[in-house]
Each structure stands twice: as C-alpha cells, then as structure tokens.
Amino acid sequence: MRADTNADLDEFRARVRAFIADRNPGVKHHTGVRAPDADFVPAIRKWTADLFAAGYLGGEWPEQYGGSSDWDLRKAFVVAEELATGQTWLPIGAYALAAPAILDFGTDAQKDHYLPRIRSGEDIWCQLFSEPGAGSDLASLRTRARLDGDHYIVDGQKVWTTNGQHADVGYLLARTDQDAPKHKGITAFAIDMTLPGIDVRPLREITGTTDFNEVFFDGVRVPASAVIGEVDNGWTVANSSLAHERTGVAAMASELQLNVGRLVDLARPRFGESSVRREVGRIATHATVVDLMSRRAQSRMLAGQTEITDAPTVKIFFSDTNLAMTEAGMRLEGADGIATEGDTAAVDDGWWQDAYLYARAWTIAGGTNEVLKNVIAERGLGLPRDPAWHRPRSSTP
Ligand SMILES: Cc1cc2nc3c(=O)[nH]c(=O)nc-3n(C[C@H](O)[C@H](O)[C@H](O)COP(=O)(O)OP(=O)(O)OC[C@H]3O[C@@H](n4cnc5c(N)ncnc54)[C@H](O)[C@@H]3O)c2cc1C
C-alpha cells in the first residue's frame, strides 16, 4: 500500500532500483547492520561514492557540500526502501550520524575536510558513544578528555563500536568536566582512529561474525581542533545528530516485508498444517502493521508533525516481529536448523540461523525496547517518570 506515491516518485523509484541492480557491490548475505570483511571495504567505499554522486545520499546537505535544492524527504524514503529490498550494502559506519554533527556544529575547516571525504567514501566513521557502564544511560559515560595545552588527553573504554575495525575517524563522546551535572561536561570529538594509544579489539559475536568492537584509549593525544561544537556541549551535539535520522523507519518496514516473503517461501510446503498457516499469517499481519506504522510516521515527518512516539513504536514492533519471524523460520527448519552457513545441509546457506541469532540485536541497538517503551510512556502518554531511570548520577566518577 503506497498512499503517498505519484508518477514522479514511481519513476524515481524505478531509477533507483535500476541503479542499485546495476552498481551494487554485491548481495549482503546477513541481515542487520553488519561489518564487511576487510578485503570488501574498498568496494563499499566506491559504492558510497557512487550513491552520493548520484544524489541518492546527502541530498539534504547544503549545496556547497554537494546537496541539492530539489531534495525531497520522500525520495530519501524511497532510497532507504530500495536499498533494503535490494539486499545490498549500505555505506558502512556512522556517517549518517557524523555528517549532521559536522554540518550543524563543525567549524568551516571541519566541514571542508570531512564532508567531501564522507561523500567519497574515503573516511569511514565509527560511533564511539557506548561504554561498558553507559549504554541506555549514556550520560554516565566515563571516558575522559583532559586539556593539556592545545591537545586533549583521552583515557577510557568504549564498546559495541560497529565497524570500529574499519573506521578512519571516530565520533567520540568524552567527559571533559568531572564536576558538572550528568548531561553537562561531555564533549564531542572527531578523532583520527590511527592515533597512538587507540586499541581497537574486534569482538566475535554469537553469529560467528565480527560486527562490533571494544575500543581502548590510553593517553591518546587529540588536537583541540578535533572538538565538534562547544566544549562541554557534546550532549546537545549528539542528540541533535541523532534527531536527523529519519529514514530508518522506511528501511525497517521494507526489510521486514522482504524477510516475511522468505518465511512464506520456507513455510509453503507445510501450508497444509493449520498451525503453520496460523503462525505465518500472524507474523505477516504484524509485518503489515509495521509497514502501516512506518508510513504513518513518514507522513507525519513530511507534514512536520512528528510525534515523539513515532520512531520508537515502529522500532519496537519491527524488532519484536523480526524476532518472532526468525524463531518461526528456525522451528520450520526442524532438525536442519542446526546446520549453519557453509554446511551443505543449511537452508538458504544458513541465512535463518544467522538472522535468528542476530534478531536480539535489533531489540537493543539504537535504544533498547524497554527504554523506548519508557519514552512512549513518559514523553508520549505523559505517565509518571520511572524513578530508577531518573535517579541522580553517583558522585563517584
Ligand atoms: C548491534 C549493535 C550495534 C551497536 N553499535 C553501536 C555503535 O556503533 N556505537 C555505540 O556507541 N553503541 C552501539 N551500540 C550500543 C547500543 O546503543 C547499546 O547497546 C544500547 O544503548 C543499550 O545499552 P547497553 O547495552 O549498555 O544495555 P543497558 O543499558 O545496560 O541495558 C541492559 C538491560 O536493562 C534494560 N534497561 C536499562 N535501563 C532501563 C530503564 N530505565 N528501564 C527499563 N529497562 C532498562 C535494557 O532495556 C536492557 O534490557 C550497539 C548495540 C548493538 C546491539
């Protein structure tokens, strides 16, 4: 159902689809935000450059940095949907988060340096926000940056750093004022990931792949010119850049629809069993609800009437339905479910096993479902605030 489409958009969609079919660097076998093998990274850098050059990414940037005066948010939704259903790679890294931070808060020198390098795929960014003790409660972060002349000395540890092993630049949040209230005294930096004292340690996940990393900082000397925005104002920089992310709802709904199609194919030989029909029907219905929620969120964004609950609602329903879908796929495979990628007996070369093991990640990444439910309850419905969440930060750093 595409209540919002028109001839222009249909023509644009056809062009994007043909472009992706013609130029994509290859089918992405695993679902989710995954890191490629190192030898595939050059192909993704080129793909990134191609997408920007074609105007399919970065259209909302100011024209002097390659944006377009006729950029339209509806087209950005179409691109996100087509990239998801094309089952190909997105540009990797945290460019979609870093670019708005640089555009809104960066110095002219930072804009001139970083924005062209994001467009060309020359710089892959990683997001250095989460820490072992600071995920949902990000403002509790302890990595510190201490001013020493014209440099900051950074010490601490980050975790969950997606694509950190491939990153050229890190979008870092570090505490610069130990005595300030919890959400103050944090500064945003653009740091060169090759600086001495940075140790990126890839983590092997339950999927058998390495998508994220631990990153350690031991006396890393970062030039003061790497600060993004004002010192101690990193909380505002980070929140503002997160708020720019608008196409995720479109990508999630499209990916789910595509994968429910896989489930239907897997289940088809057993459609004679009413329990199978019921389960697949239930999941397909939920996927349609996610699609409708996504379209409602998109319509509200286009009308400038976004509500705080829009994206969290889509994300919760998407990740729960995605999890149920992968569990159903594993059940349908029965004993074959133990065969994984590379095994000759594996169905769809182990796609289901990987998707099943990865499905939990969607319920955590970008804000856990529990925390998003708090957002909906407190900020959307006006329910009383969760006292545990709003307790003051401990005085021990
Ligand atoms: C695949 C993946 C990729 C990621 N990539 C990056 C990245 O590139 N860079 C980066 O900086 N971070 C990244 N993250 C980290 C992500 O942002 C955090 O995992 C997330 O914010 C949750 O933090 P946490 O893991 O510390 O869990 P915690 O915050 O410790 O939560 C643990 C549990 O407690 C629950 N909980 C916490 N607070 C509340 C509350 N107030 N009310 C109810 N329940 C609560 C949570 O829902 C969860 O179930 C990634 C995560 C994943 C899964």
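Residues numbered from 1 in each chain as written. Predicted model: local features only at pLDDT ≥ 70, side-chain atom pairs only at ≥ 80, totals over all residues. Heavy atoms only, no water.

## Focus: a nonpolar patch on the surface
Next, step 1: A cluster of nonpolar side chains, namely Ile206, Tyr356 and Leu357, defines an oily patch on the protein surface of about 280 Å² accessible area.
Next, step 2: By the element assignment, Tyr356 lies in helix α10 (residues 351–362).
Next, step 3: Assessed through its relative accessible area of 33%, Tyr356 is described here as partly exposed. (Patch = residues over 30% accessible without salt bridge, like charges linked within 9 Å, V, L, I, M, F, W, Y side chains within 5 Å. Areas by Shrake-Rupley, 256 points an atom, 1.4 Å probe, with all protein chains shown as cover. Salt bridge = Lys/Arg side-chain N within 4 Å of Asp/Glu carboxyl O. Helix = DSSP H or I, 4+ residues; strand = E, 2+ residues; numbered from the N terminus. Buried < 20%, exposed > 50% of the residue type's maximum accessible area, 1.4 Å probe, protein only.)

## Comments concerning the packing of aromatic side chains
Next, step 1: Evaluated as defined, the whole model comprises 13 aromatic pairs.
Next, step 2: A centroid spacing of 5.0 Å and a plane angle of 75° characterise the contact between Phe129 and Tyr171, whose relative ring orientation is edge-to-face. Of the two residues, Phe129 is situated in the loop between β1 (125–128) and β2 (144–148) and Tyr171 in strand β4 (residues 169–175); the sequence distance between them amounts to 42 residues.
Next, step 3: Accessibility expressed as a relative area gives 0% for Tyr171, which makes it buried.
Next, step 4: Ring centres of Tyr152 and Phe189 lie 5.2 Å apart, and the angle between their planes is 75°; this geometry places the pair in the edge-to-face category. Taken together, the residues span a long stretch of sequence, with Tyr152 in strand β3 (residues 151–158) and Phe189 in strand β5 (residues 186–192) at a distance of 37 residues.
Next, step 5: Through successive ring pairs, a cluster of aromatic residues spans Phe12, Phe19, Trp47 and Tyr56.
Next, step 6: For the cation-ring pair, Arg201 lies above Phe216, with the distance from its terminal atom to the ring centre recorded as 4.0 Å.
Next, step 7: Between Arg262 and the ring centre of Trp351, over which it is positioned, the NZ or CZ distance is 4.0 Å. (Phe/Tyr/Trp six-rings, centres within 6.5 Å; stacked < 30°, edge-to-face > 60°. Lys NZ or Arg CZ within 6 Å of the ring centre and 35° of its normal.)

## Let's talk about the site of the ligand
Next, step 1: For the ligand, the set of nearby residues contains 19 residues, the closest of which are Ser130, Ser136, Thr162, Thr368 and Glu370.
Next, step 2: Thr162 is positioned such that a nitrogen or oxygen atom in its side chain is 2.7 Å from a nitrogen atom of the ligand.
Next, step 3: A distance of 3.0 Å separates a nitrogen atom of the ligand from a polar side-chain atom of Asn374.
Next, step 4: Here the ligand loses 72% of its free accessible area of 980 Å² to cover by the protein chains.
Next, step 5: Within the residue set of the shell around the ligand, elements represented by two or more residues are α10 and α11 (369–380).
Next, step 6: Counting residues per element, the shell around the ligand draws most heavily on α11, which supplies three residues.
Next, step 7: Across the shell around the ligand, the residue classes break down as nine nonpolar, eight polar and two charged.
Next, step 8: Both domains that meet at the shell around the ligand, namely domain 2 (125–232) and domain 3 (246–380), each give it at least three residues. (Near = heavy atom within 4 Å. Polar contact = N/O pair within 3.5 Å; in protein donor to acceptor, adjacent residues only side chain to side chain. Nonpolar A, V, L, I, M, F, W, Y, C, P; charged D, E, K, R; others polar. Domains from an automatic or database assignment.)

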